[in-house]
Amino acid sequence: MEALQLLPGAMTLHQLKVVLEHPVRIALDPMCIPGIEASAAVVAEVMEQGRTVYGINTGFGLLANTRIEAHELETLQRSIVLSHAAGVGELLPEASVRLAMVLKINSLARGYSGIRLRVIEALAQLLESEVYPCIPAKGSVGASGDLAPLAHMGVVLLGEGEVTCRGERMPAAEGLAIAGLQPMVLAPKEGLALLNGTQVSTALAVEGLLAAENALAAATVIGALSVEAARGSRVPFDERIHAARGHTAQSDMAAAYRQLLDRSQIEASHHDCERVQDPYSLRCQPQVMGACLQQLRHAAEIITVEANAVSDNPLVFIEGSEILSGGNFHAEPVAMAADNIALALAEIGALSERRMALLIDSDLSGLPPFLVDKGGVNSGFMLAQVTSAALASENKSLAHPASVDSLPTSANQEDHVSMATFAARRLQDMTENTYGILAVEWLAACQGLDFLAPLKSSDLLESAKALLRKDVPFYDKDRYFAPDIASAMHSIKQGVLLSLLDETCRLSCEDLGSVAVSHPDQVHP
C-alpha cells in the first residue's frame, strides 16, 4: 500500500497515477485542518443565527426556495444522499472509485465545503481498508456535478448501499465494520458537499489521459517501425522543417522519430533510392502525432487543475462568514478536455490503420502481398487489416464531442449540462480500440522488418521488435491470428513501448508538473 501525504489542492499527475495503480493510505497535511474546522464552524454559526442558506436549511434544485425546519435537517441530508443514489449499469472498477475518493478528499480538505473533519477522515479510513463503494457507471450528466455516482459513494457512510473489499462485494454496513467505522449522521450541508463535485468525471478523465499518453508513445515507436519496414525516407523528420512551422509538440515528435530511426542499416541500404515522397501516413507523422500530443498536454493541464478544484456548492468563505452559491459543479472543462483526448485517440488509431494498410499493399511497401509467403495459399494479414479498419471506424463515432450535447434536468432548473461523465467514460472503449489497431500494426511492421533481414534497424527499433518476438513468432504461414493480436495488445497496455520511448525524449504529460491552486486554501483567521 502506498502512503500519500496529501496537501489539498496540490496533487500532481504522478500522484494521481499512483492512486490508480495502488491502494493508498492518505495522510492529510496538518496545515489544512484549521481551514476545514473553521469552514464547518461557519455552517454551525449560520444555524445558530437562523439564517436561510441554500444547501444548509433549504431544499435542493428546483426546491431551493423551500425552507426546511431545524428538526428535519438531519433527515434532509440523509434523504438527499439516498434519493440521489440512482445510478445504473456495470460498476466502475475499484481503481476508478479509489481515485474518485481521493479527489473528493482533496476537494473537501480545501476548506470551502463546510464539512466536518471526521467525515473526510471516514473516507480516508475506507481507502486505507480497501473498502470501495459500489458505483454504477451510468446516470450522471456532469451537472450539478456527478450527483448519482457521488451519492453512491456517500451513501456508504450512512451504512447503505454496497461496497467491495479486495474483490468481494458486500453490504455497506459490513464494509464500514472492516474499516472500523459506524454509520454516520450527516450534519447540515454535508450530504450536499458529498454529492456535488466533478470527482468521478475527473477520475475517469485522468484514466483516459494516461491511457492516451501510453497509446501515443506506442504509436510513435510502432510508426517508426513502419517507416523502416516500408523503407521510408528520413527527410520528413528533419529538424529544420518543423522549426519553420513553429509548433513545439510537432518538433518534439520529429525529434522522437529521429532518435528512434537513428543509425539503421535498412536506411543506409536505400539511401540513394528513386522514391521522392512517402504517403502521408509515414511522412506526416510528426504533424499529426504532434497535434495529438498538443491536445494531450492541454488536457493534462485542465484535468490537473480540476483534480485539485473545489467543485461543490454552495461554498463557505471563512472571511466574513459568507456562504456563496455558484456553479463550480458544472463539469464543462472536464467534458471538453475529454473530448480533446477522444480526438487524439481517434487520430492515433486512424493513422496507424493507414500505415498498416500501406504495409500489406506490395505496390506501396515493396513487401510480399499481405506480408506472407505463398500468397493465395496464405491470406496473411488480410483480415487483420479489416479488424483495424473496424476499430478505427468505431473510434470515429465515439470521438463525436459529448460536450455539445445537453438535456435539461431537475424541472429545467439545471437547464444546461456538460455530459462530462460519459465524455470521460467513453475514453476507455476508445483506448481499447486504439490498442487493438496499434497491436495489428506492430505485428505487421515487425513482419515487414523480418522480410528485410539480414539488414537491421536501429538499436531502439530492434529492441521494440524483440519485445514482440519474445511472445509472437514470425508469421511464416496462416495460423490462428487472434492470440497474436491479444499478446501484442497486452504488451502495449503494460507500457513496454512507453518505457522504450522515455529513453529518447520527453513526451510524458507528467513533465508539466503540478498545477498550483490559484488561491491559498483557507486557514482560521
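Computed from a prediction, not measured in an experiment: that's the story for all the values here. (Residues numbered from 1 in each chain as written. Predicted model: local features only at pLDDT ≥ 70, side-chain atom pairs only at ≥ 80, totals over all residues. Heavy atoms only, no water.)

A few points about the pairing of strand S7 (residues 168-171)
- Taken together, the four bridges between strand S6 (residues 162-165) and S7 define a ladder with antiparallel strand orientation. Looking across to S7, one finds that Thr 164 is bridged to Arg 169.
- Turn length for the S6-S7 hairpin, with the two strands adjacent in sequence and antiparallel, is two residues, and the turn residue Arg 166 shows positive phi of about 55°. (Pairing = 2+ DSSP bridges. Helix = DSSP H or I, 4+ residues; strand = E, 2+ residues; numbered from the N terminus.)

Things to note about helix H6 (residues 147-154)
- Along H6, eight of the eight residues are buried, which leaves the element largely enclosed by surrounding structure.
- Residues of H6 that are buried include every one of Leu 147, Ala 148, Pro 149, Leu 150, Ala 151, His 152, Met 153 and Gly 154, and no others. (Buried < 20%, exposed > 50% of the residue type's maximum accessible area, 1.4 Å probe, protein only.)

Quick word on the sheet that holds S6
- Taken in spatial order, the three strands of this open sheet run S4-S6-S7, and their pairing is antiparallel. At either end of the open sheet lies a strand with only one pairing partner, and these are strand S4 (131-133) and S7. Neighbour-to-neighbour, the strand axes of this sheet turn through a mean angle of 35°, independent of strand direction. (Axes fitted to C-alpha atoms, helices over the stretch in contact; angles between N-to-C directions.)

What about the pattern of salt bridges?
- Across all of its chains, the model carries 18 salt bridges by this definition.
- Residue Asp 262 is joined to Arg 263 by a salt bridge in which the shortest nitrogen-to-oxygen separation is 3.7 Å.
- Among the residues examined, Asp 262 registers a relative accessible area of 43% and is labelled partly exposed.
- Between Arg 479 and Asp 484 there is a salt bridge, and its shortest N-O distance comes to 2.9 Å.
- Under the relative-accessibility criterion, Arg 479 is labelled partly exposed at 27%.
- Exposure remark for Asp 484: the relative accessible area of 9% places this residue in the buried category.
- Bridged by salt links that share partners, the residues Asp 450, Lys 465 and Arg 469 form one connected network. (Salt bridge = Lys/Arg side-chain N within 4 Å of Asp/Glu carboxyl O.)

Thoughts on a nonpolar patch on the surface
- Taken together, Met 382, Leu 383 and Val 386 make up a surface patch of nonpolar side chains, about 250 Å² in accessible area.
- Relative to the helices and strands, Met 382 is located in helix H17 (residues 382-398). (Patch = residues over 30% accessible without salt bridge, like charges linked within 9 Å, V, L, I, M, F, W, Y side chains within 5 Å. Areas by Shrake-Rupley, 256 points an atom, 1.4 Å probe, with all protein chains shown as cover.)

Structural notes on the packing of aromatic side chains
- Within this structure, the stated rule accounts for six aromatic pairs.
- Ring geometry for Phe 381 and Tyr 475: centres 5.5 Å apart, planes at 65°, overall edge-to-face. Here Tyr 475 lies in the loop between helix H19 (459-469) and helix H20 (482-493) and Phe 381 lies in the loop between helix H16 (362-365) and H17, a separation of 94 residues in the sequence. Tyr 475 carries the same exposure label as Phe 381, and that label is buried.
- Counting every residue linked through ring pairs, the aromatic cluster contains Phe 381, Tyr 475 and Phe 481. (Phe/Tyr/Trp six-rings, centres within 6.5 Å; stacked < 30°, edge-to-face > 60°.)

Overview of the nonpolar core
- Core analysis: the biggest nonpolar cluster contains 156 residues, and Leu 126, Ile 341, Leu 359, Phe 381, Trp 442, Ile 492 and Leu 497 have the highest contact counts within it.
- Counting residues per element, this core draws most heavily on helix H9 (residues 199-229), which supplies 20 residues.
- In contact with Leu 359, other than residues within four places in its own chain, are Ser 226, Ala 229, Ala 230, Ser 365, Leu 367, Leu 371, Ala 444 and Ala 445. (Core = buried A, V, L, I, M, F, W, Y, C linked by side-chain atoms within 4.5 Å. Contact = heavy atoms within 4.5 Å.)

As for the environment of Pro 8
- Here Pro 8 lies in the loop between strand S1 (2-6) and helix H1 (13-21).
- Each C-alpha atom of the pair Pro 8 and Gly 326 lies 21 Å from the other, and the pair is 318 residues apart in sequence.

Considering the side chain of Ser 113
- Looking at the element boundaries, Ser 113 is found in the loop between helix H4 (94-108) and helix H5 (117-128).
- Only 2.9 Å separates the side chain of Ser 113 from the side chain of Asp 312, close enough to count as a polar contact.
- Excluding residues that lie within four positions of it along the chain, Ser 113 makes contacts with Ser 39, Ser 107, Leu 108, Lys 189, Ala 193, Asp 312 and Val 316. (Polar contact = N/O pair within 3.5 Å; in protein donor to acceptor, adjacent residues only side chain to side chain.)

Re H9
- The terminal C-alpha atoms of H9 lie 45 Å apart, and with 31 residues this matches the ideal 45 Å at 1.5 Å per residue to within 8%.
- Directly after H9, the chain includes Arg 231, whose backbone phi takes a positive value near 50°. (Expected span 1.5 Å × (residues − 1).)

A closer look at the side chain of Asn 214
- Structurally, the position occupied by Asn 214 is in helix H9.
- Its relative accessible area of 6% is what places Asn 214 among the buried residues.
- Discounting residues that sit within four places of it in the chain, Asn 214 has contacts with Tyr 435, Ile 492, Lys 493, Gly 495 and Leu 498.

Concerning unusual backbone geometry
- For the bond from Asn 313 to Pro 314, the omega torsion is -5°, close enough to zero to count as cis.
- Mapped onto the elements of the fold, Pro 314 is located in the loop between helix H14 (285-307) and strand S8 (315-317).
- Despite not being glycine, Lys 189 has its phi angle at roughly 80°, a positive value.
- Its place among the elements puts Lys 189 in the loop between helix H7 (172-178) and helix H8 (190-195).
- A residue is classified by how much of its surface remains accessible, and Lys 189, at 0% relative accessible area, is buried.
- One non-glycine residue, Arg 263, lies in the positive phi region at around 65°.
- For Arg 263, the location among the structural elements is in the loop between helix H11 (248-261) and helix H12 (265-269).

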